[in-house]
Structure formats: structure tokens, C-alpha cells
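Architecture and fold: a report
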Amino acid sequence: MNILMLASEAVPLAKTGGLADVVGTLPMELARLGHDVRLALPRYAALDATAIKLKKAPSVEVPWRGDRLEVGVETGTLGGGAVPLTCIRYDPFFARQGLYGEGGRDYPDNLDRFALFCRAVMEACKQPGRPPDILHAHDWQAALAVAYLKTLYRNDPAWAGTRALFTIHNIGYQGLFPVSTYDATGLPWSEYTPERLEYYGQVNLLKGGLVYADILNTVSPTYAREIQTAEFGFGLEGVLQTRKDRLFGVTNGIDYDVWNPETDPHLPARYSADDLSGKRECKRVLQAEMKLPVRDVPLVGLVSRLAFQKGIDLIVDILPKLLDLDVQVVALGSGDPSYQTLLAGLSARYPDKLSVRLTFDEPLAHRIEAGADLFLMPSRYEPCGLNQLYSLRYGTVPVVRKTGGLADTVVPYVPDARSGSVATGFSFETPEPEVLLSTMFLALRVYRDKEEWTGLMRRGMQQDFSWQRSAGQYVELYARAMAL
Ligand code: ADP
């Protein structure tokens, strides 16, 4: 298949969240399966041009606000040459410090920025005589490309027969803009209707992806169902219900080259499901690094954005009761200042039991995944979630809320139901502090049964959440779109 993928971020070039992990990994796996994939990204100033061998290519003329704008194009490769890359260069828009904003504020011209990106991709990625089979766009920043394909480029031979897949990574982020900005999309006003891009008097770019694409998916089967309900749909549940026959869930993979306890260079010792002794060493070193007493006590880990979505309020609520027990907790996170203050206050109150680092620190995230016994992830909603997958791989038993990707990837332990033979973690449904606390009590009780606990650890470590598996499912979706 000939696939053109576009998005606003991709590891290792530009990252603010899980979107970048998917977009940076999926094209390589598709190429490995024998498909032709090209990735298109904005040319941010911070992209390391030498690593990807970026070279200037002929610029393109893009229709822009009734005029034509010359936009730069640079090409390179990713994944050791496996995936060709097209970068759209327009420095007034993309040579900025942030991807979407600075100092906690979104750039006010984000609609202009990503409309130009999408329009320029449609011009720069034309291959005369060889239309892509699939245009695969991710999240609101790339959604307009799907709208363009189905409207302005509908009769363009360079796009004849191209089908569109649109992937939703988090429906909480929709790209909402005042109607006064609509002209920058370049679309006729006939597309600004409640059936298309209009949303309660505003322009909703994500909605464009949902209504124009041939096929839709999100990053886990459970989240695909949840977003069709008012509790999880952020107002777009009605639109999704009308498209439910075209909406699928594909659980993300994780990069086993980066997240592998047998080879991880960030760890003081390595280990595997067959020999867990290195994990004990990782725990001792983590306790020392976090200035906690080095001793045999259940160690609970947390690595998270500090946001309401992640259930941090539930954690803050139960910590005093949890810390009355003989446990230790290490927390790494950054985000909402009010949660930072609360966590810092609690660690001052329980210096021997709770240690927090309020930064973004990737190597420490690896050491927590390896050194902790349990991993806490009580998200209120979770499209897929990566940290529980890392935890499973590192033999660190996850305690999760049964939602989205967490429900699809953690098999919960059920007391007295002989679930011990299949369980890989603990989960709860109602997002209330008492429910989380009683789930933690259960987990800590099972922790004392070493045989049962080791079984949980080993089963988690043996799960397959590789990208190979997910990429195969994306190929099936592409085939489905092409057969329409
Ligand atoms: P989301 O994308 O919603 O933040 P995910 O679980 O899908 O949640 O992915 C989060 C990613 O960011 C993981 O790779 C996780 O390890 C990492 N991460 C989050 N917070 C931190 C932090 N403070 N330091 C290091 N890594 C972090």
C-alpha cells in the first residue's frame, strides 16, 4: 500500500504526548511490513535537521486567504532511511518555541498554522500518476487534510481514489476556534454547517476529521465505545454515534527497544521474567535515589502528567490513609501547579514514605517502572495509556481504573475467583477515593503472598504489546477503507 501519514508530532523529532510515540513508530512498522509510507510534519525550529538529513526541496504555492503563498518544503528520512519524510517549512508559523503554545497558553493563530500545514501537505505530497491509497491523519491538527481531500481536491487526479483514515488520540482536545478564523481554512462556507465543521457557533477541526474520513479509529477498543457516550464524548458523542459502523479501536504498541528491562541502559541492573534478581537491585537503588529508607517494604510508583484526567485528585485524597500503612510511594510528574503543591506538602509530612519529583525526567521514569512493586494509574479516562504497558513489561503490577485502554490491557485480579491464573493487575470502576483505597488494600494483601505476586508479575511481563501487532491492525483498517 502507498500511505501518506500526517501529524503534528513524532518521536524523536517533536513530542508533547502519546501522539508522538504512535506517529514516530507506526510508519517504521508499516515499512517493515513492506508498505510505502511517507510521513509529513511541520518544520519546527527545534527539529534536529542533521539527524534526519533534511534537504531543501522545491517549494510549493499554496492558496491562502484569496492569494497564493510560497511555502518551503524539506525532505529527509526517518528510521535509518525506511520512511521518507516531508517537512512543511513556514518559519512565521513553525519556528517558535512551542508546538502549540507557550507558557501554558495556546498560540492564538493555531487554526491558521495547521490549516496551512494541511494545505501545503496536499500540494507538496502529490506524486503525479501515483495517488496514495491512504491518507492517514492524526488528531485535530491534521484533520483539515481529510476535509481538503473530500472537498477541494475531490476531482484532483493526484488524489484519485485516495481513502482517508482519521485517528483520534484524545477526544478532549478538539481544536475549537472562533468563526472569525474560518476563512483561513480556505474551505467554502457551505462546509460550515452543523453536519460538517460548525460546532455551537465555533469551528471544530476534530469534528472535520470525524465527518469527512472514510474510516475512523481511536487507540483502544474500549475508548472507541466510550467516546460514543456523553460521559466520555466531550460533546462529540452524537457525531460518533452516527459513524459507529466506521469507528474502530486499535491499541497502541510500545517500543520494546526502548522499554525492555533486559537491555534498558537507564537501569542499575537488568532482569527478565526468568531471573528477577536484578529488579530487587533496581528497587534498592531507587529507594536510595529517592532518599527513602532502603528496606523490604511495598514500593508504589507513579509517573504521570499531573492532570485531572489522570485521577491525581484521587491519589492525593487517599495518600494519608495509604501512608499510614507500611508502604513507600515514589511519584514523578509535572503539570497542574495545585497538584504539585499538594504532593510536595504530603511528602514533607511523610518524608520517610513519600518522595516526589515534580519534573519531566525520562531516565527516572524508567527507574521507577523497574524499581517499584506496584504502579498506580487511576485515570478518569484513558484513550490507551502507555505507562501501564511499560509497568507490565517491567514486572511492576499496575493498579488502574477500568476505563479505555486500561480496561483493554490489564486483566484484573478477582479475589477467590481463581483469577490468579490470568490476572496481570488490579482494577476498579467507580472513580471514588474509597474505591481506589480498597483496591490498594487488596493489592497490598496479595503482595504478601509471594507466589501469587510473582505469578502476576511474570504474566504481565509475558504480554505482547508490540507495535508489530498494532501495525497489522492498521493495515486491516487501510484495507477496509480501500474496499469501500
Ligand atoms: P499521556 O500521553 O496522556 O500523558 P500516556 O501514558 O499515554 O499518557 O503517555 C505518557 C508518556 O509520558 C509516557 O511515555 C510516560 O512515561 C511519560 N511521562 C509522563 N510524565 C512524565 C514525567 N514527569 N517524566 C518522565 N516521563 C513522563
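Every residue gets a number counted from 1 within its own chain, in the order that chain's sequence is written. Only residues with pLDDT of at least 70 get local features here, since the model is predicted, and only at 80 or more are side-chain atom pairs given and counted; chain-wide, interface and lining totals rely on the full set of residues. Only heavy atoms go into the side-chain values, all of them from the structure, while hydrogens and water stay out.

Each helix is a run of H or I in the DSSP string that is no shorter than four residues. Each strand is a run of E no shorter than two, and both are numbered from the N terminus. Within the protein one finds 16 helices and 20 strands. For the C-alpha atoms alone, the extent of the protein along its principal axes is close to 70 × 45 × 40 Å. Burial classes follow relative accessibility: with a 1.4 Å probe on protein chains only, a residue under 20% of its type's maximum area counts as buried, one over 50% as exposed, and anything between as partly exposed. Here the protein, with 484 residues, has 58% of them falling under the buried criterion. Should any heavy atoms of two residues lie within 4.5 Å, those residues are counted as being in contact. When contacts within the protein are restricted to residue pairs at least 6 apart in sequence, long-range pairs at least 24 apart make up 71% of them. Accessible surface for the protein amounts to roughly 19500 Å². Of this, 50% is attributable to carbon and sulfur atoms. In these tables, accessible area is a Shrake-Rupley quantity obtained with a 1.4 Å probe, and a residue counts as shielded only by the protein chains included in the view.

Below, the discussion takes up the layout of surface pockets. The rule is simple: put a 1 Å grid over the protein atoms alone, call a set of points where a 1.4 Å probe fits but cannot get out a cavity, call an open set with protein on both sides within 12 Å along at least five of seven lines a pocket, and count a residue as lining if it has an atom within 4 Å of a point. Grid points are joined across faces, edges and corners, and a volume is the space filled by probe spheres set on the points. The computed volume of the second largest pocket comes to approximately 380 Å³. In terms of lining residues, the second largest pocket is bounded by 15 residues, among which Arg280, Lys283, Asp296, Asp373 and Tyr447 are the most central. Those elements that place two or more of their residues in the lining of the second largest pocket are α8 (277-289) and α15 (450-462). No other element matches α8, which puts five residues into the lining of the second largest pocket. Three residue categories are used. Nonpolar comprises Ala, Val, Leu, Ile, Met, Phe, Trp, Tyr, Cys and Pro, charged comprises Asp, Glu, Lys and Arg, and polar comprises the others, including Gly. When the residues that make up the lining of the second largest pocket are grouped by side-chain class, the tally is four nonpolar, three polar and eight charged.

Strands are treated as partners if at least two bridges between them are detected by DSSP. Strand order in this open sheet of nine strands is β3-β4-β5-β2-β1-β8-β9-β13-β14, and the pairing throughout is mixed. Whereas interior strands pair on both sides, the edge strands pair on one side only; in this sheet they are β3 (55-64) and β14 (247-249). Between one strand axis and the next, the sheet turns by 25 degrees as a mean value, whatever way the strands run. Bridging between strand β1 (residues 2-6) and strand β8 (residues 134-138) involves four bridges; their strand directions are parallel. Only the stretch in contact is used when a helix axis is fitted, and all axes are lines through C-alpha atoms; the angle between N-to-C directions ranges over 0 to 180 degrees.

Packing of α8 against helix α11 (residues 362-371) brings their axes to within 8 Å, and their N-to-C directions diverge by 125 degrees. Overall, the two elements α8 and α11 adopt an arrangement that is oblique. With respect to the hand of their crossing, α8 and α11 are arranged in left-handed fashion. Side by side, α8 and α11 meet where Lys279, Cys282, Lys283, Leu286 and Glu289 of the first sit next to Leu364, Arg367, Ile368, Glu369, Ala370 and Gly371 of the second. Its residues assigned to classes, the contact of α8 with α11 shows five nonpolar, one polar and five charged. Roughly parallel refers to an angle under 35 degrees, roughly antiparallel to one over 145, roughly perpendicular to one between 65 and 115, and oblique to any angle outside these ranges. Less than a right angle of anticlockwise turn of the near helix away from the far helix marks a crossing as left-handed, whereas a clockwise turn marks it as right-handed.

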